[in-house]
Amino acid sequence: MNWWIINISLICILNTIGLTGNIAYGENPPKDRKHYEAHQEIIWDKPMQKKWIALTFDDGPNSKRTREILAILQQYQAKATFFCLGYKVKQYPDMARSIIASGHEIANHTYYHPIEKLSKSRLDREIEMTQKVIVQTTGVEPHLFRPPGGVYNDQVVSVAKKYQLKVIMWSW
């Protein structure tokens, strides 16, 4: 049997039993969504009286795509939250400023979008560097954090709280 078949089989097993999402940051055993929702530590969705939708965009800014998204949002008078990567804010500072100037929210999505297993100190640096570059570039301090790949656990919540960030996921 080839090594890659074994590797794919192992990944499929881990996905089936639900372990790949939370082991990336070293927690064992992982807590589930219900725990974090009950303790209001992570938000996936929010019950509302009226029908509302929160538009979010991840992994930007990007010079072409962000400009296109901003134009469409303006056309429909819609607002959104942009979960930005620190290195891209540094690479495209004008786009980051355009997000704010257009009345949208900018949020933290780490500096380099790491999904591999991170130490608490590395996660801390990723969030801190992104907070700094967003504030330096836009003058706005983010209050929301979305972990890359949707990976969550106590470590993610703890580091986000250190920077007074609320962890926001997506709903489906």
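Going along each chain's sequence as written, the residues are numbered from 1 onward. Local features in a predicted model are, by the rule used here, given only for residues with pLDDT of at least 70; side-chain atom pairs are given and counted only at 80 or more, and totals for whole chains, interfaces and linings are based on all residues. The basis for every side-chain value is the complete set of non-hydrogen atoms in the structure, without hydrogens or water.

Student: Outline unusual backbone geometry, supporting the account with residue identities and numerical values.
Tutor: Looking along the chain, the bond that leaves G60 and enters P61 is cis, with omega of 0 degrees. Counting from the N terminus, the helices are the DSSP runs of H or I reaching at least four residues and the strands are the DSSP runs of E reaching at least two. Within the secondary structure, P61 sits in the loop between β2 (55–60) and α4 (65–75). Despite not being glycine, Q40 has its phi angle at roughly 50 degrees, a positive value. When you line up the elements, Q40 lands in the loop between α3 (33–38) and β1 (42–43). If you check the backbone angles, Q164 has positive phi at about 55 degrees while not being a glycine. The topology assignment puts Q164 in the loop between α8 (154–162) and β6 (166–168).

Student: Lay out the packing of aromatic side chains with the relevant residues and their values.
Tutor: What counts as a ring pair is set by centres within 6.5 Å for rings of Phe, Tyr and Trp (its six-membered ring), and what kind of pair is set by the plane angle: stacked under 30 degrees, edge-to-face over 60, tilted for all other angles. All told, the structure shown has 5 aromatic pairs when counted by the stated rule. A ring pair is formed by W44 and Y152, whose centres lie 5.2 Å apart and whose planes are at 85 degrees; its orientation type is edge-to-face. Of this pair, W44 sits in the loop between β1 and β2 while Y152 sits in the loop between β5 (144–145) and α8, and the two are 108 residues apart along the sequence. Judged on exposure class, the residue W44 and its partner Y152 are both buried. When the centroid spacing of 4.8 Å and the interplanar angle of 75 degrees are considered together, the rings of Y111 and Y112 count as edge-to-face. By relative accessible area, Y111 is classed as buried at 10%. One aromatic cluster in this structure is built from Y36, W44 and Y152. Put simply, a charge is over a ring when the Lys NZ or the Arg CZ is close to the ring centre, within 6 Å, and near the line of the ring normal, within 35 degrees. In this arrangement the basic side chain of R146 is found over the ring face of F83, its NZ or CZ atom lying 4.1 Å from the centre. Using a 1.4 Å probe on the protein chains alone, a residue whose accessible area is under 20% of its type maximum counts as buried, one over 50% counts as exposed, and one in between counts as partly exposed.

Student: Run through the nonpolar core, naming residues and quoting values.
Tutor: In terms of nonpolar packing, the biggest core is built from 16 residues, with I42, I127, F145 and V167 touching the most fellow members. Elements that contribute at least two residues to this core include exactly α7 (120–138) and α8. Top element by residues in this core is α8. It accounts for 4 residues. Not counting residues within four places of it along the chain, the set of residues in contact with I127 comprises N108, F145, V159, A160, Y163 and L165. In this structure, L73, C84, I99 and I134 belong to the second largest nonpolar core, which totals 12 residues. For the purposes of this section, nonpolar cores are sets of buried Ala, Val, Leu, Ile, Met, Phe, Trp, Tyr and Cys residues that join through side-chain atoms within 4.5 Å. The contact definition used throughout considers only heavy atoms, calling two residues in contact when any of these lie within 4.5 Å.

Student: Got a sec to walk through the pattern of salt bridges? Specific residues and values, please.
Tutor: Salt bridge, as used here, is a side-chain nitrogen of Lys or Arg placed within 4 Å of a carboxyl oxygen of Asp or Glu. Tallied over the entire structure, the rule returns 10 salt bridges. The residue R33 makes a salt bridge to D45 at a minimum N-O spacing of 3.4 Å. On the criterion of sequence distance, the pair formed by R33 in helix α3 and D45 in the loop between β1 and β2 is long-range, its members being 12 residues apart. The exposure class of D45 is partly exposed, given its relative accessible area of 45%. Each of R33, E37 and D45 takes part in one network of salt bridges that share partners.

Student: Account for the environment of H113, naming residues and giving values.
Tutor: Along the chain, H113 falls in the loop between β4 (105–108) and α7. Separated by 54 residues in sequence, H113 and D59 have C-alpha atoms that sit 7.7 Å apart. Any N or O atom pair separated by 3.5 Å or less is treated as a polar contact, with the protein-specific requirement of one donor-capable and one acceptor-capable atom, and with residues adjacent in sequence counted only for side-chain atom pairs. There is a polar contact of 3.4 Å between the side chain of H113 and the side chain of H109.

Student: Any chance you could break down the pairing of strand β3 (residues 80–84) for me, citing the residues and the numbers?
Tutor: Burial of β3 is extensive: 5 of the 5 residues sit out of reach of the surface. Because side chains alternate across β3, one face comprises the buried residues A80, F82 and C84, and the other comprises T81 and F83, equally buried. For two strands to pair, DSSP has to find at least two bridges joining them. Here β2 runs beside β3; their pairing, made up of 5 bridges, is parallel. Along β3, the bridge assignment pairs T56 with T81. Throughout, right-handed denotes a crossover for which the path from the first strand over the helix to the second runs clockwise when the strands point away from the viewer. Taken together, β2, α4 and β3 constitute a β-α-β crossover, and its handedness is right-handed. Where β3 meets β4, 4 bridges bridge the pair, whose relative direction is parallel.

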